[in-house]
Amino acid sequence: MDKSIENIWKNGYVNKQLILPKIEKMYDQKSISYVEKMITGFKWEVYILLPSTVLIFLFQIWLENDNAIIWGCISSIPGILWFFHGKEQLKSLKKLDYLLCSYDYLVSIRAKLISIRKYNRNLAIFSVPILLFPMVLYTYYNQAGKTIGEIFGVNDFNYPTIYLFLLLPIFTFLTAIIAHINFKYVVTKTTTGIDELISEIEELRK
Amino acid sequence: MSSDFYITFIQPYAGIIIKICRAYSYSQEDFEDLYQEVCLQVWRTKDNFRGNSEWSTWIYRISLNVCLTIQKKETKKTPQILSLDSVPEVQRNDSSFDQEDSLSELYKAIKQLSDIDKAIILLYLEEKSYKEIAEIIGTNFSNIGVKIQRIKNKLKKLLK
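A. Quick peek at the overall build of chain A. Check the secondary structure of chain A and you find seven helices and zero strands. A separation of at least 24 residues holds for 65% of the contacts in chain A among residues at least 6 apart in sequence.

See the structure below:
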């Protein structure tokens, strides 16, 4: 019997009915691994909040404010709350199991992710005045009679403390702009991959 | 990918894809993933086909590109350990058992070649001309004959 590689190859495939692997599940693994990557990214965003709150606390102590520890604790509270809130959001994302097909899975993950991101964007914007207001109010009464320049040690900034309340709309507006840019360019970018997969599956289904 | 596209442009050439994917995969699962990825890539790149070569040549090119790309990624992750059991199965019946066994041994030997040698010998075994092989691989036509001879000698040694 001729055992040349050409003959082994030819005879090996002669009269052989090849079984074609099924292609309908083509996107399953791809979708799952893509979403897993995204969830890992989101997890990082949540867990980074903990060291951030510690840094905020240390920053207050470094500033050597009166009652620095109390202020440190107060300013760390939002970070801690956001951390636990983020963990809940993470859980809700993980709850979306792969049940039916990759298309439904991707669509539901995308919708969930966008609703979470929008919620977080709004939360960030609305928390600014809520968090700043007690601080401004405290400073307004505590530093009564001083000018803003005297409070912050800035020469020739002789505005009355009532102007401190202007910080509320200014910071809220700035946060809104940053949150909007972040949502438009960073968050939307993370869903682009999912959008591409979804449109590819839609194209495949035509 | 419409079923029409699959039936017309992929299914008749599925044998090519299967043969190539089998040489670059180390388990049935890998093999199926590769096959699916190749089909998808053929569909994605269908508009890039200019008709300068045969459609089958295009399929060879895409299949090898996908296999080589994925192989590279996988090699970076974990080095592959080869065993005879890991050679993906294609349908087997009793009458062709001996042939299938030799084919598995041949695949096992092919898998021990470098990525490019693997591609060259697969195209040679598929009776592609030296010119076509050079075109698909993107290498110099004049070296192909010598390379094939070297690869064949290597395979013979591995099969002993």
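B. Spatial organisation of the overall build of chain B. Of the regular secondary structure elements, chain B holds eight helices and zero strands. The linear arrangement of helices and strands in chain B, starting from the amino end, is α-α-α-α-α-α-α-α. Each of the 160 residues in chain B was classed as buried or not, and the buried ones make up 36%. For chain B, restricting intrachain contacts to residue pairs at least 6 apart in sequence, the fraction spanning at least 24 positions comes to 67%.

C. Representation of the packing of helix α6 (residues 115-125) of chain B against helix α8 (residues 141-159) of chain B in the model. Residues and elements named next belong to chain B. Axis separation between α6 and α8 bottoms out at 10 Å; the angle between their running directions is 95°. Viewed along their axes, α6 and α8 adopt a mutual orientation that is roughly perpendicular. Facing Asp117, Ile120, Ile121 and Tyr124 of α6, the residues of α8 in contact are Lys147, Ile148, Ile151 and Leu155. A class-by-class count of the residues in the contact of α6 with α8 yields six nonpolar, no polar and two charged.

D. Spatial organisation of the packing of helix α7 (residues 130-137) of chain B against α8(B). All names here are of chain B. Where α7 contacts α8, the axes come no closer than 9 Å and their chain directions differ by 105°. By the angle between their axes, α7 is roughly perpendicular relative to α8. In this structure, α7 contributes Tyr130, Lys131, Ile133 and Ala134 to the contact, and α8 contributes Phe141, Ile144 and Gly145. The residue inventory of the contact of α7 with α8, partitioned by class, reads five nonpolar, one polar and one charged.

E. Highlighting the environment of Ala68(A). Within the secondary structure layout, Ala68(A) lies in helix α4 (residues 68-94). Residue contacts for Ala68(A): discarding those within four places in its chain leaves Gln60(A), Ile61(A) and Leu63(A).

F. Representation of α4(A). Residues and elements named next belong to chain A. Counted at 1.5 Å a residue, the expected span for α4 with its 27 residues is 39 Å, and the 39 Å between its end C-alpha atoms agrees. Of all the bends in α4, the largest measures some 30° and sits at Ile77, one to four residues before the proline Pro78. Where α4 is buried, its residues touch α3 (49-63) and α5 (102-142).

G. Representation of the confidence of the model for chain B in the model. Residue and element names in this part refer to chain B. Here chain B averages 79 in pLDDT, and 82% of its residues register 70 or above. Element-level mean pLDDT values for chain B span from 76 in helix α1 (residues 3-10) up to 89 in α6. Contacts of residues 81-85 to residues separated by more than four positions or lying in other chains number six contacts, the stretch itself having pLDDT below 50. Between residues 91-98, whose pLDDT stays under 50, and residues either more than four places distant or in other chains, the model counts eight contacts.

H. Main features of the nonpolar core. Within the largest apolar cluster, 41 residues are counted, with the highest numbers of intra-cluster contacts made by Ile20(B), Cys21(B) and Val38(B). Within the residue set of this core, elements represented by two or more residues are α1 (5-13) of chain A together with α2 (14-23), α3 (28-44), α4 (55-77), α5 (97-110), α6, α7 and α8 of chain B. Among the elements that line this core, the one with the most residues is α3(B), at eight residues. Composition of this core by domain shows at least three residues from each of domain 1 (1-81) and domain 2 (94-160) of chain B.

Cut-offs applied
Residues numbered from 1 in each chain as written. Chains lettered and ligands numbered in written order. Predicted model: local features only at pLDDT ≥ 70, side-chain atom pairs only at ≥ 80, totals over all residues. Helix = DSSP H or I, 4+ residues; strand = E, 2+ residues; numbered from the N terminus. Contact = placed C-beta atoms within 7 Å. Buried ≥ 20, exposed ≤ 12 C-beta atoms within 10 Å, placed from the backbone. Axes fitted to C-alpha atoms, helices over the stretch in contact; angles between N-to-C directions. Parallel < 35°, antiparallel > 145°, perpendicular 65-115°, else oblique. Nonpolar A, V, L, I, M, F, W, Y, C, P; charged D, E, K, R; others polar. Expected span 1.5 Å × (residues − 1). Bend = angle between axes of the 7 residues up to and from the residue. pLDDT = per-residue confidence, 0-100. Core = buried A, V, L, I, M, F, W, Y, C linked by C-beta atoms within 7 Å. Domains from an automatic or database assignment.

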